[in-house]
Amino acid sequence: MNMHQYYPVDIVNGPGTRCTLFVSGCVHECPGCYNKSTWRVNSGMPFTREMEDQIISDLNDTRVRRQGLSLSGGDPLHPQNVPDILKLVQRVRAECPGKDIWMWTGYKLDELTESQREVVELINVLVDGKFVQDLKDPALIWRGSSNQVVHHLR
């Protein structure tokens, strides 16, 4: 998996103070997307074990308390990203007690593959659906267009 950006302290992508990871790769290529540079799976830089360790360390840092991890992109549920994203969310669940995980994807909850569902079963909130330019609404919280749904899973 490749990544574009990691923010160790973020207050924009989900509630509270968070760690946020933007990954590479998106098959949806929504017109009006604000993050087109993340569409190609080979763009950005490799997501390494060191970066994964850094995320876990940041989530457990008591100097700046983080509520959780946000995963965006690109698309964390792009088929090429699923194995690494699964490993990351499993580590967060095991090593960062009390932290929540939010994820944004262009896929709809009811169309996920078995491997994508395995990831989603470990997260707290999924914001699903493609961004639709004609349904863009800046007043919406945590989503860009009104067709997207915020699923509070656990």
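See the structure above.
Residues numbered from 1 in each chain as written. Predicted model: local features only at pLDDT ≥ 70, side-chain atom pairs only at ≥ 80, totals over all residues. Heavy atoms only, no water.

Enquirer: Is there a simple way to think about the overall build of the protein chain in this case?
Expert: Helix and strand counts for the protein chain come out as 3 helices and 7 strands. Ordered by position in the sequence, the α and β elements of the protein chain form the string β-β-β-α-β-α-β-α-β-β. Computed over its C-alpha atoms, the radius of gyration of the protein chain comes to 14 Å, within 12% of the 15 Å expected for a compact globule of 154 residues. Once the C-alpha set of the protein chain is aligned to its principal axes, its extents read approximately 40 × 30 × 25 Å. Scored against the burial criterion, the 154 residues of the protein chain give a buried share of 49%. In the protein chain, 61% of the contacts between residues at least 6 apart in sequence involve partners at least 24 apart. Roughly 7,700 Å² of accessible area belongs to the protein chain as shown, and the carbon and sulfur atoms make up 52% of that amount. (Helix = DSSP H or I, 4+ residues; strand = E, 2+ residues; numbered from the N terminus. Rg over C-alpha atoms; globule rule 2.2 N^0.38 Å. Buried < 20%, exposed > 50% of the residue type's maximum accessible area, 1.4 Å probe, protein only. Contact = heavy atoms within 4.5 Å. Areas by Shrake-Rupley, 256 points an atom, 1.4 Å probe, with all protein chains shown as cover.)

Enquirer: Would you mind going over the sheet that holds strand S6 (residues 125-128) with me for this structure?
Expert: Within a sheet, each strand pairs with its neighbour through backbone hydrogen bonds, oriented either parallel or antiparallel. On the basis of which strands lie adjacent, the open sheet formed by 7 strands has the order S3-S1-S2-S4-S5-S6-S7 and mixed pairing. Since the sheet does not close on itself, it has two edges, and those belong to strand S3 (45-46) and strand S7 (149-152), each with one partner. Sheet analysis places S6 next to S7, joined by 4 bridges and oriented antiparallel. Its bridge partner being in S7, Val125 is matched across the sheet by His152. Those strands touched by helix H2 (residues 82-95) are strand S2 (18-23), strand S4 (68-73) and strand S5 (100-104), and its axis lies near 170 degrees from that of S4. (Pairing = 2+ DSSP bridges. Axes fitted to C-alpha atoms, helices over the stretch in contact; angles between N-to-C directions.)

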